[in-house]
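The primary structure of each chain is shown beneath.
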Amino acid sequence: MLSALPALAALLLGVVFLMLGNGLLGTLLGVRGAIESFSAFEIGLAMSGYFGGFALACLFGASIIERVGHIRAFAAFASLAAAAAVIHSVLVDPYSWIVLRGLTGACFAGLYMVIESWLNDRIPNNQRGSLMAIYMILNLGSIAAAQQFLNIADPGGFELFILASVLVSLAVLPVVLTKSEAPVPIPTDRMWFSELHRISPLGTLGTFTTGLANGALWGLIPLAAIRFGLSTASVATLMSLIILGGVVFQWPIGWVSDRVDRRKVIVVASVILVASSLALYFVASRGVEFLFVLGFVFGGMSLVLYPLCAAHTNDRVSGSERVPVIAGLLLVFGIGAVIGPLLGALVMEILGDLSVFLYIAGVQALLLIFALLRIRDGEPVLPEDRSVFEPVVSEPTTAIFDAQVLPEEEGGQT
């Protein structure tokens, strides 16, 4: 029985409201940018702003939580994110959006830190897998459901921005009114790129390339879809299926990767992602049914590669090193996600709107080639030395705080 669930119910309800608001806003900006005739590069800059703020907050957000506590930090981050959401509809220009997206990214990085450190502090070890699965379902399920809000009002107006703001604001209520005691913040150290590369070249490069690809996914695919001629309803469905693919595929792929050489699973996932990306580019004109099916597979592989790379890296360190390793990987992902929308937008400007899928295919092909080289040159980690695969959300913060509670194991090194 999940005895810890009632004490965490308020926090999980807050998660639902946050993800509904942020999931709506992220796609709405791509659609609205297309309506306003923003260039792909301008939308890319705005998306990069989000991940830039996210990465910076990962460096400094923990100190805010440590100073004022989890509940006050949650309220502050959510209030700022709600204000930024509605201001998007007032300042409708790409350069204002860059600043606002940076503020939103910083706020959500702080919110993830609060939520996931709180969850891991309060979940007993014997209930961790079940409760984190519930968290994952609520998180990704809410983001997927939020895409359908695009159908209830005109994306060219202000109503959907207000709705996103209200949803984020509502997240504060259950958290500030909860009777559950908040945890004591734990400072998180980081490892820098050179150390991460020494531990696992594949895990580090895979995290970076996943950031390059997924940073472009959230804002540029809705923009490309609208320009291609899809209706708002079809864009909402496509984005929902991309996210649901991530929900469905993480569990079976994670299960397999715990039992075979994880590098081979990374290769297979990369092959499928490259193939589905190319297929989306070449068969998009055949109808939305093809887009929906391919989008589901594409999303599943896109959202599973970060946790695979994180688990592969964790296979090679001891339990005491996992917190700084995963925190460092998050920063590597964030840097990639800042660069990704800009590179993807440049490709779109040169080769056409749907070439965002060519860009993602090219980035993941680099990971595929490097993974094959690592399999050729390195030894696999023994089964008894592998860490446990942890599925993560679109911004991969879950593994940071899960690493604090993983049992100590000595891993191999390649």
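Residues numbered from 1 in each chain as written. Predicted model: local features only at pLDDT ≥ 70, side-chain atom pairs only at ≥ 80, totals over all residues. Heavy atoms only, no water.

Right, let's get into the nonpolar core. Counting residues in hydrophobic clusters, the biggest one holds 121 residues, and the most contacted among them are L18, F74, I221 and F298. Tallying contributions element by element places helix α1 (residues 5-35) first for this core, with 14 residues. Not counting the four nearest positions on each side in its chain, F74 is found in contact with L18, L111, V114, I115, A171, V172 and V175. (Core = buried A, V, L, I, M, F, W, Y, C linked by side-chain atoms within 4.5 Å. Buried < 20%, exposed > 50% of the residue type's maximum accessible area, 1.4 Å probe, protein only. Helix = DSSP H or I, 4+ residues; strand = E, 2+ residues; numbered from the N terminus. Contact = heavy atoms within 4.5 Å.)

As a further point, take the environment of P94. Mapped onto the fold, P94 is located in helix α4 (residues 94-122). By relative accessible area, which is 9% here, P94 ends up buried. Each C-alpha atom of the pair P94 and F41 lies 9.6 Å from the other, and the pair is 53 residues apart in sequence. Not counting chain neighbours up to four residues away, the residues in contact with P94 comprise F38 and E42.

Turning next to the pattern of salt bridges. Using the criterion set out here, one finds three salt bridges in the structure. Put simply, E36 and R32 hold a salt bridge, and the shortest N to O gap is 2.8 Å. Among the residues examined, E36 registers a relative accessible area of 31% and is labelled partly exposed. Note on R32: relative accessible area 6%, which makes it buried. With a shortest N-O distance of 2.9 Å, D261 and R263 are connected by a salt bridge. By relative accessible area, which is 2% here, R263 ends up buried. (Salt bridge = Lys/Arg side-chain N within 4 Å of Asp/Glu carboxyl O.)

The next thing to look at is a nonpolar patch on the surface. Judged by side-chain polarity, F158, I162, V166, L170, L173, V176 and L177 come together as a nonpolar surface patch covering roughly 600 Å² of accessible area. Of all the elements in the fold, those that place two or more residues in the nonpolar patch are α6 (159-170) and α7 (172-176). Among the elements that line the nonpolar patch, the one with the most residues is α6, at three residues. Structurally, the position occupied by V176 is in helix α7. (Patch = residues over 30% accessible without salt bridge, like charges linked within 9 Å, V, L, I, M, F, W, Y side chains within 5 Å. Areas by Shrake-Rupley, 256 points an atom, 1.4 Å probe, with all protein chains shown as cover.)

The next thing to look at is the packing of helix α2 (residues 40-68) against helix α3 (residues 70-87). α3 packs onto α2 with a crossing angle of 125° between their chain directions and a minimal axis gap of 7 Å. Regarding the angle of α2 to α3, the classification is oblique. Handedness of the crossing formed by α2 with α3: right-handed. Mapping the contact onto sequence places I64, I65 and V68 in α2 and H70, R72, A73 and F77 in α3. In terms of residue class, the contact of α2 with α3 is made up of five nonpolar, one polar and one charged. (Axes fitted to C-alpha atoms, helices over the stretch in contact; angles between N-to-C directions. Parallel < 35°, antiparallel > 145°, perpendicular 65-115°, else oblique. Left-handed = near helix turned anticlockwise from the far one by under 90°. Nonpolar A, V, L, I, M, F, W, Y, C, P; charged D, E, K, R; others polar.)

Further remarks concern α2. Between its first and last C-alpha, α2 extends 40 Å over 29 residues, near the 42 Å set by a 1.5 Å rise per residue. For α2, the principal kink sits at C58 and spans about 50°. Count one or two residues on from α2 and you reach G69, which has phi positive near 95°. (Expected span 1.5 Å × (residues − 1). Bend = angle between axes of the 7 residues up to and from the residue.)

Let us now look at the confidence of the model for the chain. Overall, the prediction assigns the chain a mean pLDDT of 82, with 83% of residues at 70 or greater. For the chain, the element scoring lowest by mean pLDDT is helix α15 (residues 398-402), at 40; α6 scores highest, at 95. Predicted confidence is poor over residues 396-414, with pLDDT under 50, and the contacts of this stretch with residues over four places away or in other chains come to 67 contacts. (pLDDT = per-residue confidence, 0-100.)

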